[in-house]
Amino acid sequence: EVQLQASGGGLVQPGGSLRLSCAASGFTFSSYSMSWVRQAPGKGPDRVSSIGSKSTNYADSVKGRFTISRDNAKNTLYLQMNSLKSEDTAVYYCVRHNGGMDYWGKGTLVTVSS
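Below or above, wherever it landed, is the structure these notes cover. Computed from a predicted structure; not experimentally measured.

1. Details of the state of the cysteines
According to the stated counting rule, one finds one disulfide in the structure shown. Between the sulfur atoms of Cys22 and its disulfide partner Cys94 the distance amounts to 2.1 Å. Between Cys22 and Cys94 the disulfide shows an S-S torsion of about -80°. By sign, it is left-handed. Residue Cys22 is located in strand β3 (residues 18-25), and its partner Cys94 is located in strand β9 (residues 90-98); the two are separated by 72 residues in the primary sequence. Comparing Cys22 with Cys94 shows no difference in burial state: the two are buried.

Have a look at this one:
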């Protein structure tokens with residue numbers, strides 16, 4: 001079965017950094033585009049960043065602060081988050097894309113607060 005296990009969330013002060021990881025299994029990881037999507041309390045989902053085999057995309061709100069990457073040999077997706085702001089507080093989800101059909105993993109909570 002497809003599994004997407006996100007980890008690395010926690011409490012961090014504004015201006016701090018965190019690195020999220022997503023361990024993928026049950027499919028050929030290198031064949032799929034992946035995204036990080038977040039959802040803040042009481043708000044709808046917000047796509048943060050996406051990555052294919054050679055391309056990356058970022059939401060304007062995180063551009064220059066976040067970096068998405070993948071290690072296909074380890075079947076792992078990463079999101080390096082720097083210069084964190086309170087507005088980044090959300091549950092972050094690892095998502096697999098397949099021709100418009102998205103598969104969501106379980107999220108990891110990121111709280112940015114002083």
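2. Let's talk about the nonpolar core
Trp36, Phe66, Leu77, Leu79, Met81 and Tyr92 are the most contacted members of the largest nonpolar core, which totals 28 residues. For this core, the secondary structure elements donating two or more residues are β1 (3-7), β3, β4 (34-39), β5 (45-51), β7 (66-71), β8 (76-81), β9 and β11 (108-112). In terms of residue count, β3 provides more of this core than any other element does, four residues in total. Setting aside residues no more than four positions away along its own chain, Leu77 makes contact with Leu20, Ser21, Cys22, Phe29, Met34, Ser35, Trp36, Ile51, Ile68, Ser69, Arg70 and Cys94.

The rules we used
- Residues numbered from 1 in each chain as written.
- Predicted model: local features only at pLDDT ≥ 70, side-chain atom pairs only at ≥ 80, totals over all residues.
- Heavy atoms only, no water.
- Disulfide = S-S within 2.5 Å.
- Helix = DSSP H or I, 4+ residues; strand = E, 2+ residues; numbered from the N terminus.
- Buried < 20%, exposed > 50% of the residue type's maximum accessible area, 1.4 Å probe, protein only.
- Core = buried A, V, L, I, M, F, W, Y, C linked by side-chain atoms within 4.5 Å.
- Contact = heavy atoms within 4.5 Å.

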